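The primary structure of each chain is shown beneath.
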Amino acid sequence: MAALTRDFEAIVEANALVAVDDEHDPEGSSTAFERAHVASLLAQAREHLAELDLAVERLASGAYGRCEVCGEPIPAARLEVRPAATTCVGCAGRTP
Ligand SMILES: [Zn+2]
């Protein structure tokens, strides 16, 4: 849960930074490439946020921390690195 909260806060911070960047664009220092990069990061962050939402739902239903494929518990070390993981390492390697 702490890891989920940490990720969530990082995403909220990133969103805030992007908003500030947009307001200060008139200087023209932001190239199209930088904008595309930021947009892609933001898209990734939103996708991750959706994953975290699902993880929170699984926490509520008691399914969190269990592999969706084999049903075995996902090791805590993996959840620490990938709080939104839905499969164990073995199953993640077998599914795209
Ligand atoms: Zn598994």
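Residue positions are given per chain, counted from 1 along the sequence in the order it is written. Side-chain atom pairs in this predicted model are given and counted only at pLDDT of 80 or more, local residue features only at pLDDT of at least 70, and totals for whole chains, interfaces and linings cover all residues. Note: side-chain values were computed over all heavy atoms of the structure, leaving out hydrogens and water.

Brief notes about the overall build of the protein
Part 1 of the reasoning: Strands are runs of DSSP state E lasting at least two residues, helices are runs of H or I lasting at least four, and both sets are numbered from the N terminus onward. Counting its secondary structure elements, the protein contains four helices and zero strands.
Part 2 of the reasoning: Along the chain direction, N to C, the helices and strands of the protein fall in the order α-α-α-α.
Part 3 of the reasoning: Sequence separation of 24 or more characterises 49% of the internal contacts of the protein that already satisfy a separation of 6 or more.
Part 4 of the reasoning: For the accessible areas, the method is Shrake-Rupley and the probe is 1.4 Å, while residue cover comes only from the protein chains on display. For the protein, the accessible surface area stands at approximately 6600 Å², while carbon and sulfur atoms represent 60% of it. Residue contacts are counted whenever heavy atoms from the two residues lie within 4.5 Å of one another.

Regarding the coordination of the zinc ion
Part 1 of the reasoning: The coordination sphere of the zinc ion contains the protein donors Cys 67 (SG), Cys 70 (SG), Cys 88 (SG) and Cys 91 (SG), at a distance range of 2.3 Å.
Part 2 of the reasoning: Counted as coordinating are nitrogen, oxygen and sulfur atoms within 2.8 Å of the metal, or 3.2 Å for Na, K and Ca, while water is not included, which may make sites look incomplete. For a four-donor site, all angles between 85 and 135 degrees give tetrahedral; for four or six donors, opposite pairs above 155 degrees with the remaining angles between 65 and 115 give square planar or octahedral; all remaining cases count as irregular. Geometry at the zinc ion is tetrahedral, judged from its four donor atoms and the angles of 103 to 116° they form at the metal.
Part 3 of the reasoning: Taken in sequence order, the residues that donate to the zinc ion follow the motif C-x2-C-x17-C-x2-C.

Brief notes about the nonpolar core
Part 1 of the reasoning: Formed by 13 residues in total, the largest nonpolar core has its most connected members in Leu 4, Leu 52, Tyr 64, Cys 67 and Leu 79.
Part 2 of the reasoning: Counting residues per element, the ones that place at least two in this core are helix H1 (2-23) and helix H2 (32-61).
Part 3 of the reasoning: By residue number, the principal contributor to this core is H2, which donates three residues.
Part 4 of the reasoning: Both domains that meet at this core, namely domain 1 (1-63) and domain 2 (65-96), each give it at least three residues. As used in this record, nonpolar core signifies buried Ala, Val, Leu, Ile, Met, Phe, Trp, Tyr and Cys residues forming a set joined through side-chain atoms within 4.5 Å. Whether a residue is buried, partly exposed or exposed follows from its accessible area with a 1.4 Å probe, protein chains only, as a fraction of its type maximum: under 20%, in between, or over 50%, in that order. By convention here, the domain bounds are inherited from an automatic or database domain assignment.

Topic: the confidence of the model for the protein
Part 1 of the reasoning: Looking at the protein as a whole, its pLDDT mean stands at 80, while 81% of the residues score no less than 70.
Part 2 of the reasoning: For every residue, the pLDDT score states the predictor's confidence, bounded by 0 at the bottom and 100 at the top. Mean pLDDT values for the elements of the protein range from 69 in H1 up to 92 in helix H3 (residues 76-81).

What to know about the side chain of Arg 58
Part 1 of the reasoning: Here Arg 58 shows up in helix H2.
Part 2 of the reasoning: Filtering out sequence-adjacent residues up to four positions away, Arg 58 remains in contact with Ala 63, Tyr 64, Ala 84, Ala 85 and Thr 86.

As for the environment of Thr 5
Part 1 of the reasoning: On the secondary structure map, Thr 5 appears in helix H1.
Part 2 of the reasoning: In this structure Thr 5 comes out as partly exposed when scored by relative accessible area, which is 35%.

Topic: the side chain of Thr 87
Part 1 of the reasoning: Turning to its location among the elements, Thr 87 is positioned in the loop between H3 and helix H4 (89-94).
Part 2 of the reasoning: Filtering out sequence-adjacent residues up to four positions away, Thr 87 remains in contact with Cys 67, Glu 68, Val 69, Ile 74, Arg 78 and Ala 92.

Looking at H2
Part 1 of the reasoning: What a helix is expected to span follows from its residue count: subtract one and scale by 1.5 Å. Given a rise of 1.5 Å per residue, 30 residues ought to cover 44 Å, and the 43 Å separating the end C-alpha atoms of H2 matches this to within 8%.
Part 2 of the reasoning: Of the positions making up H2, those classed as buried are Leu 42, Ala 45, Leu 52, Ala 55 and Arg 58.
Part 3 of the reasoning: Residue Gly 62 follows H2 closely and has a positive phi angle near 85°.

A closer look at the environment of Arg 66
Part 1 of the reasoning: Its location among the elements puts Arg 66 in the loop between H2 and H3.
Part 2 of the reasoning: Sequence separation between Arg 66 and Thr 86 is 20 residues, and the spatial gap between their C-alpha atoms is 7.0 Å.
Part 3 of the reasoning: Not counting the four nearest positions on each side in its chain, Arg 66 is found in contact with Gly 71, Glu 72, Pro 73, Ile 74 and Thr 86.
Part 4 of the reasoning: Think of a polar contact as two N or O atoms within 3.5 Å of one another; within protein, one of them needs to be a possible hydrogen donor and the other a possible acceptor, and neighboring residues in sequence only count if both atoms come from side chains. One polar contact links the side chain of Arg 66 to the main-chain carbonyl oxygen of Gly 71, over a distance of 2.8 Å.

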